[in-house]
Amino acid sequence: MKISDFSKIRKYTVAIALLIITSSCGQAQEKSAAQEAVENAPPVEVPTENGLERAYFASGCFWCVEAIFESVKGVKEVYSGYSGGSQKNPNYEEVSYGRTSHAEAVEVYYDPDVISFTQLVQVFFGSHDPTTLNRQGPDRGAQYRSIAFYKNNKEQKIIQDYINKLKSENIYGDRTIVTEVKPFEKFYMAEEYHQDYEKRNPNNSYIRNVSIPRLNRFKENFESYLKEDAH
């Protein structure tokens, strides 16, 4: 990773900090035995499909995260959904009100010949603030926490090595990276109306005031990662 790339992440972090209203972060939810079992379980491998691999991330409202990853070259499709919890078949009402241990997450289908998992991890950290506990921008609660999921030991090492690099470069100063590094177990697709929400609802007030500005900050700092039609 070039020093200039870390500079981009630093710029994004400053912008996010200005957006967040000053208040204490939400407190971590007490973990149930079922949730601890999920976190201690071995990761689930996901087979390649038509030459595409899949990656899973959570970093706030999935409307925003989906739009960011869809702008990245080599990414063929992104789906919004729920992951990281122990409850089966969660729905939006349950997750959004914090009634489950799941987080809003995305499933990224990507071409490994065009973009690597390492680069997707860079996109993940470069497009949100991983130092805010149970919060991203104006959205608060454990359902908006930062999680990087891994499907095997190689991905786990890539994520952890990158976090260590961010720390060694002092990108976030004295703030602690609170991103969870978790074994992937299950991704539940969100309701149909959540898919491509930003594209289909450009005049929604949240989209205009939060999602689009977040996407534009990412584009400004990661121009070389963008698809031709995303510039």
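Treat the numbers as computed from the prediction; the structure is a model and nothing was measured.

**Q** What is the right way to look at the packing of aromatic side chains in this model?
**A** When we look at a pair of aromatic rings, we describe it by the centre distance and by the angle of the planes. Throughout the structure, instances matching the rule amount to 15 aromatic pairs. An angle of 10 degrees between the planes, with centres 3.9 Å apart, marks the rings of Tyr56 and Phe184 as stacked. Of the two residues, Tyr56 sits in strand 1 (residues 53-59) while Phe184 sits in the loop between strand 7 (180-183) and strand 8 (187-189), which places them 128 residues apart along the sequence. Considered together, Tyr56 and Phe184 belong to a single accessibility category, that of buried residues. Measuring from centroid to centroid gives 6.1 Å for Phe62 and Tyr92, while their planes differ by 25 degrees, and the two rings are stacked. Of this pair, Phe62 sits in helix 3 (residues 62-70) while Tyr92 sits in helix 4 (residues 92-96); the two residues are 30 residues apart in sequence, bridging distant segments of the chain. Counting every residue linked through ring pairs, the aromatic cluster contains Phe57, Phe69, Phe117, Phe124, Phe125 and Tyr162.

**Q** What should I look at first to understand the nonpolar core in this one?
**A** Soluble, globular proteins show a tendency: their nonpolar side chains are buried together. Of all hydrophobic cores here, the largest spans 47 residues; its most connected members are Phe57, Phe69, Val108 and Leu120. Looking at this core, the elements that each hand over two or more residues are strand 1, helix 3, strand 2 (75-83), strand 3 (103-110), helix 5 (117-126), strand 6 (146-150), helix 6 (153-168) and helix 8 (205-221). The leading source of residues in this core is helix 3, at 7 residues. Beyond its immediate stretch of four places on either side in the chain, Phe69 contacts Phe57, Val75, Val78, Val106, Val108, Leu120, Val123 and Phe124. Grouped together as the second largest cluster of nonpolar side chains are 9 residues, Tyr56, Ala103, Ala105 and Phe187 included.

**Q** Which parts of the structure should I look at to understand helix 5?
**A** Helical periodicity: at 3.6 residues per turn, an α-helix aligns residues three or four positions apart in one direction. In terms of burial, helix 5 is largely enclosed, as 8 of its 10 residues are buried. Every buried residue of helix 5 is accounted for by Phe117, Leu120, Val121, Gln122, Val123, Phe124, Phe125 and Gly126.

**Q** I would appreciate a short explanation of the pattern of salt bridges in the present structure.
**A** As a working rule, side chains carrying opposite charge can pair if their charged atoms are close by. Considering all chains together, one arrives at 11 salt bridges under this definition. Measuring nitrogen to oxygen at the nearest pair gives 3.5 Å for the salt bridge that ties Glu70 to Lys199. Linking Glu70 in helix 3 with Lys199 in helix 7 (residues 197-200), this pair joins segments that are 129 residues apart in sequence. On the basis of relative accessibility, which here comes to 12%, the residue Glu70 falls in the buried class. Using a relative accessible area of 61% as the deciding quantity, one classes Lys199 as exposed. Between Glu180 and Lys182 there is a salt bridge whose closest N-O contact spans 3.9 Å. Residues joined in a network through salt bridges with shared partners are Glu49, Arg54 and Glu107.

Conventions we followed
Residues numbered from 1 in each chain as written. Predicted model: local features only at pLDDT ≥ 70, side-chain atom pairs only at ≥ 80, totals over all residues. Heavy atoms only, no water. Phe/Tyr/Trp six-rings, centres within 6.5 Å; stacked < 30°, edge-to-face > 60°. Helix = DSSP H or I, 4+ residues; strand = E, 2+ residues; numbered from the N terminus. Buried < 20%, exposed > 50% of the residue type's maximum accessible area, 1.4 Å probe, protein only. Core = buried A, V, L, I, M, F, W, Y, C linked by side-chain atoms within 4.5 Å. Contact = heavy atoms within 4.5 Å. Salt bridge = Lys/Arg side-chain N within 4 Å of Asp/Glu carboxyl O.

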